[in-house]
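The primary structure of each chain is shown beneath.
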Amino acid sequence: METFALSLDRVVRDAPGWYQGDFHCHTHHSDGTLSAAELARLARTEGMDFLAITDHNTLDAYAHFGAPDGLCVIPGLEITFDRGHYNVFGIVQDAGWLRPVRQGPTQLNWAKQGLDLNDLLAASAADGLLNSINHPLLPPWAWLFDDSHLAHIHCLEIWNDPSWPDNRVGNPLALALWTGWLNAGYRITAIGGSDFHRPVNQPGVRKPPDRLGLPRTFVYAEQLSGAAILQGLRRRQVYVSMGAQVTFQAYHAGQVYPIGAEVGMMDGDLELEAEVTPAGRGGVARLIGNGVILAEQTLPWAESPGAAYALHHSARLAPDAPVWFRLEVLDGNGLLSAVTNPIFAGPRPAPVMTRYGDFVDVAQPALRAR
Ligand SMILES: [Zn+2]
Ligand SMILES: [Zn+2]
């Protein structure tokens, strides 16, 4: 069994806390322009704690990272078909299901492969890895595998670098898709990923430069190691932000429930408490329950750097009614500035809709056209 160069067990910092990083970027081993060392240096310059390396259908960059000072490099892969892309996190050794992917070009032709996508997703999940659908509604790289079973999906990439104009179309649709999944009973972790390829474009290329670490995903982990960060993803103790700092927790019967927690089948009042430190001027923060606004706090335009604004809502629980709560922050332009994963209460529903295609709005065919 071939073992790859990156480890999940390397401990970069042995302390629990919120760690920040990027779950999606490329090196020159696929279609990026930076070397592994240059990418690691940029991540540290940008103040990031972790970086998931996700080249298209190759793990060649793994051997070139070494053990960068202060940075946790999470082994990943962007499995790239002409019908959609997904990240797999935690690959440290070879497996049979990986072979057709690693032997192919940076974009595999689905029709030629003779693979079953659900078999691929199930095989990586059975190996203890996490599957994350990338930029699901970003033209022209939207996810077209309508038969894919959501039971195999651990994460959804709801947010890519908004300086890329098409992401301003895809990001809100991805957030709406995730909301639909939550309402249907799925407890899939929402993450961000810049999809960084290059820090500067060639002269004459009409595209803005990519920004590593925008948006940034914050994960609460027991320590800074690949294993602990991925465990934080499984617990959904995660929020995504363009710079706003947030706290969000719930209180019930003397217990504290953090972001991602499951309160269980309780009755009585659940006290939701949040605090937002905005990154810019103006905006609004909202507590959302099952997709509906429960409480709002205007963030003032007046400049007061570092000021924090509190939100509170008291939610009456019914033990047989599933409900989820999350915090959203919009900036002064109405664009998403931060979103947390939910706190869940009530029974864990058995979703009736089980396939990706059950959720995608058929009124958006242009976004998914090839
Ligand atoms: Zn992609
Ligand atoms: Zn990518």
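All values reported here derive from a predicted model rather than from experimental measurement.

### Some words on the coordination of the zinc ion (ligand 2)
Looking at the metal site, the zinc ion (ligand 2) is ligated by His24 (NE2), His26 (NE2), Glu78 (OE) and Asp195 (OD), spaced 2.1 to 2.2 Å from it. In this structure, the zinc ion (ligand 2) is coordinated by four donor atoms arranged in irregular fashion, with angles at the metal of 83 to 175°. Read from N- to C-terminus, the donor residues coordinating the zinc ion (ligand 2) fall into the pattern H-x1-H-x51-E-x116-D. In this model, the zinc ion (ligand 2) sits 3.4 Å from the zinc ion (ligand 1), the two metals being bridged by Glu78. Highlighted residues: His24 in the loop between strand S1 (17-22) and helix H1 (36-45) and Glu78 in strand S3 (residues 72-81), separated in sequence by 54 residues.

### Thoughts on the domain arrangement of the protein chain
In terms of domains, the protein chain is made up of domain 1 (17-241) and domain 2 (245-345). Using C-alpha coordinates to define each centre, domain 1 is positioned 26 Å away from domain 2. Each partner contributes to the interface: domain 1 provides 20 residues, whereas domain 2 provides 20 residues. Here domain 1 meets domain 2 over a buried area of about 1,700 Å², counting both sides, of which 56% is carbon and sulfur. Contact with domain 2 buries area across many residues of domain 1, yet Arg187, Arg236 and Tyr239 alone supply 34% of it, more than any other trio. For the interface between domain 1 and domain 2, the tally reads two salt bridges. As a salt-bridge pair, Arg187 and Glu262 come within 3.0 Å of each other at their nearest N and O atoms. On inspection of domain 1 and its partner domain 2, the count reaches nine residue pairs in polar contact (both at pLDDT 80 or more). For the side of domain 1 that touches domain 2, the secondary-structure elements that each account for two or more residues are strand S6 (155-159), helix H5 (167-184), strand S7 (189-192) and strand S9 (238-241).

Definitions and limits used
- Residues numbered from 1 in each chain as written.
- Chains lettered and ligands numbered in written order.
- Predicted model: local features only at pLDDT ≥ 70, side-chain atom pairs only at ≥ 80, totals over all residues.
- Heavy atoms only, no water.
- Donors = N, O, S within 2.8 Å, 3.2 Å for Na, K, Ca; no water.
- Tetrahedral: all angles 85-135°; square planar, octahedral: opposite > 155°, others 65-115°.
- Helix = DSSP H or I, 4+ residues; strand = E, 2+ residues; numbered from the N terminus.
- Domains from an automatic or database assignment.
- Contact = heavy atoms within 4.5 Å.
- Buried area = accessible area lost by both parts, 1.4 Å probe.
- Salt bridge = Lys/Arg side-chain N within 4 Å of Asp/Glu carboxyl O.
- Polar contact = N/O pair within 3.5 Å; in protein donor to acceptor, adjacent residues only side chain to side chain.

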